[in-house]
Amino acid sequence: VSRNAVPDGWSGDLVAAQRAPNGDLYVILADATGHGLAAAMNLLPLSRIFYRMVDKGFALSAMLRELNGVIREQSTADRFVAVTLARADTRNRILEVWNGGNPPAIWLRASGEVLRLFKSTNLALGIVENSQVDVRTEVVQWDEAAQLFLFSDGFVEAENAASEPIGLDALIARLTMNTPGKRFLAAVQAVQDQLGDWPAHDDMSL
C-alpha cells in the first residue's frame, strides 16, 4: 500500500515484487529524495532494472551495483534513493536482506515474536561510486512461518496534530498484538489513526 504526500498522482516511493525463474521471491522498497513527479522520475528506471534482473536470476549484489550506477548516471548529485532489497528462497528457507537508508525491516514469527530487525547498515544508493557500495547482505534461515514488513520512513514518521510521529515501537506493538492475517491492515490503520485528518508530509509505503 502507498499513499502520496503530494496529490499529483506521482509517488517518490516504489514497491515491487517478482519471482525469479527458480522460484525465489524478490522484493524492493525504494524511497527517492523529494516528493511528487521529481522524486518519481528517479524511480522509473529502477523498476525496469529490478524486473529485468530478477527475470534473469541475478544476485542482490549485482542488482545493487546496477541500481546504484543508474541513479548516479541519471540523477543530480543531491538526488539519492533509500532502498531495501529482499530475497526469499522458500525451498531452502533462506531470507536475504540489504537495507540502505530505510527504516528497519521487521521480521516476525506467527506468534508475534520479533525475530530480527534488518536495520540500515548502508548508505542510500546514488551517494557513492559502485566500488564503494557495500553489497554484503544479511542472510538468515527460518524454521517456521514468519512475515517480513518493509516500509518507507514516511510510514513510521507519520505525525498527528501535535507533530508527534507514530514511531517504530508503536508500529511494532500494533503488529505483534495482531494475528498474522490482520497485521498488514492493522499497521495501515495505526498510521491512519495517527494522521487523523492531517495530511501526510511524506510519501508512505508498506
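What counts, and at which threshold
- Residues numbered from 1 in each chain as written.
- Predicted model: local features only at pLDDT ≥ 70, side-chain atom pairs only at ≥ 80, totals over all residues.
- Heavy atoms only, no water.
- Core = buried A, V, L, I, M, F, W, Y, C linked by side-chain atoms within 4.5 Å.
- Buried < 20%, exposed > 50% of the residue type's maximum accessible area, 1.4 Å probe, protein only.
- Helix = DSSP H or I, 4+ residues; strand = E, 2+ residues; numbered from the N terminus.
- Phe/Tyr/Trp six-rings, centres within 6.5 Å; stacked < 30°, edge-to-face > 60°.
- Patch = residues over 30% accessible without salt bridge, like charges linked within 9 Å, V, L, I, M, F, W, Y side chains within 5 Å.
- Areas by Shrake-Rupley, 256 points an atom, 1.4 Å probe, with all protein chains shown as cover.
- Salt bridge = Lys/Arg side-chain N within 4 Å of Asp/Glu carboxyl O.
- Pairing = 2+ DSSP bridges.
- Axes fitted to C-alpha atoms, helices over the stretch in contact; angles between N-to-C directions.
- Contact = heavy atoms within 4.5 Å.

### Remarks on the nonpolar core
Reasoning step 1: With 27 residues, the main nonpolar core has Phe 50, Met 63, Leu 67, Val 81, Val 83, Leu 85 and Leu 125 as its most contacted residues.
Reasoning step 2: Elements that contribute at least two residues to this core include exactly strand 2 (13-19), strand 3 (25-32), helix 1 (36-55), helix 2 (60-74) and strand 4 (81-89).
Reasoning step 3: Of all hydrophobic cores here, the second largest spans 19 residues; its members include Ile 106, Leu 175, Ala 187 and Met 204.

### Remarks on unusual backbone geometry
Reasoning step 1: Phi at Arg 93 takes a positive value of approximately 55 degrees, unusual for a residue other than glycine.
Reasoning step 2: Following the sequence through the fold, Arg 93 ends up in the loop between strand 4 and strand 5 (94-100).
Reasoning step 3: The partly exposed category is assigned to Arg 93, whose relative accessible area is 39%.
Reasoning step 4: Although it is not a glycine, Ser 163 sits at a positive phi angle of roughly 65 degrees.
Reasoning step 5: By the secondary structure assignment, Ser 163 is in the loop between helix 3 (153-156) and helix 4 (168-176).
Reasoning step 6: Of the residues examined, Ser 163 reaches a relative accessible area of 48% and is grouped as partly exposed.

### Considerations on the packing of aromatic side chains
The geometry of two aromatic rings is summed up by the distance between their centres and the angle between their planes.
Reasoning step 1: Under the defined criterion, the tally for this structure stands at three aromatic pairs.
Reasoning step 2: Both rings, one in Phe 50 and one in Tyr 51, keep their centres 5.5 Å apart while their planes meet at 65 degrees; by these two values the pair is edge-to-face.
Reasoning step 3: Classification of Phe 50 by relative accessible area gives buried; the value is 0%.

### Brief notes about a nonpolar patch on the surface
Reasoning step 1: The grouping of Phe 80, Leu 123 and Ile 127 at the surface amounts to a nonpolar patch, some 260 Å² of accessible area in total.
Reasoning step 2: Structurally, the position occupied by Leu 123 is in the loop between strand 7 (114-118) and strand 8 (138-141).

### Structural notes on the sheet that holds strand 3
Two modes of strand pairing occur in sheets, parallel and antiparallel, and in both the strands are linked by backbone hydrogen bonds.
Reasoning step 1: Overall, antiparallel pairing links the five strands, which are arranged 2-3-4-5-8 in an open sheet. With partners counted over all chains shown, the strands left at the sheet margins are strand 2 and strand 8, one partner each. In this sheet, neighbouring strand axes are inclined to one another by 10 degrees on average, regardless of whether the strands run parallel or antiparallel.
Reasoning step 2: Pairing analysis gives eight bridges linking strand 3 to strand 4, with the strands arranged antiparallel. Paired with Leu 25 across the strands is Ala 88, a residue of strand 4.
Reasoning step 3: Sheet strands in contact with helix 2 are strand 3, strand 4 and strand 5, and its direction is about 160 degrees off that of strand 4.

### Thoughts on the sheet that holds strand 6 (residues 105-109)
Reasoning step 1: Read from one edge of the open sheet, three strands run 7-6-9, paired in antiparallel fashion. In this open sheet, the two edge strands, each paired with only one partner strand, are strand 7 and strand 9 (146-149). On average, each strand axis in the sheet is inclined to that of its neighbour by 15 degrees, with strand direction left out of account.
Reasoning step 2: Relative to strand 7, strand 6 is paired through four bridges, and the arrangement is antiparallel. Counted as the bridge partner of Leu 108 is Val 114 from strand 7.

### Topic: the pattern of salt bridges
Reasoning step 1: Evaluation of the coordinates by the stated rule reveals 10 salt bridges.
Reasoning step 2: Between Arg 87 and Asp 24 there is a salt bridge, with the nearest N and O atoms lying 2.8 Å from each other. In this pair, Arg 87 sits in strand 4 while Asp 24 sits in the loop between strand 2 and strand 3, placing the two residues 63 residues apart along the sequence. By the burial criterion, Arg 87 is buried, and Asp 24 matches it.
Reasoning step 3: Between Glu 66 and Arg 52 there is a salt bridge, and its shortest N-O distance comes to 3.8 Å. Residue Glu 66 is located in helix 2, and its partner Arg 52 is located in helix 1; the two are separated by 14 residues in the primary sequence.
Reasoning step 4: A residue is classified by how much of its surface remains accessible, and Glu 66, at 33% relative accessible area, is partly exposed.
Reasoning step 5: Owing to a relative accessible area of 39%, Arg 52 belongs among the partly exposed residues under this scheme.
Reasoning step 6: Put simply, Asp 24, Arg 87, Asp 89, Arg 91 and Glu 96 are held in one network by salt bridges that share partners.

No statement about biological role is implied by the geometric values presented.
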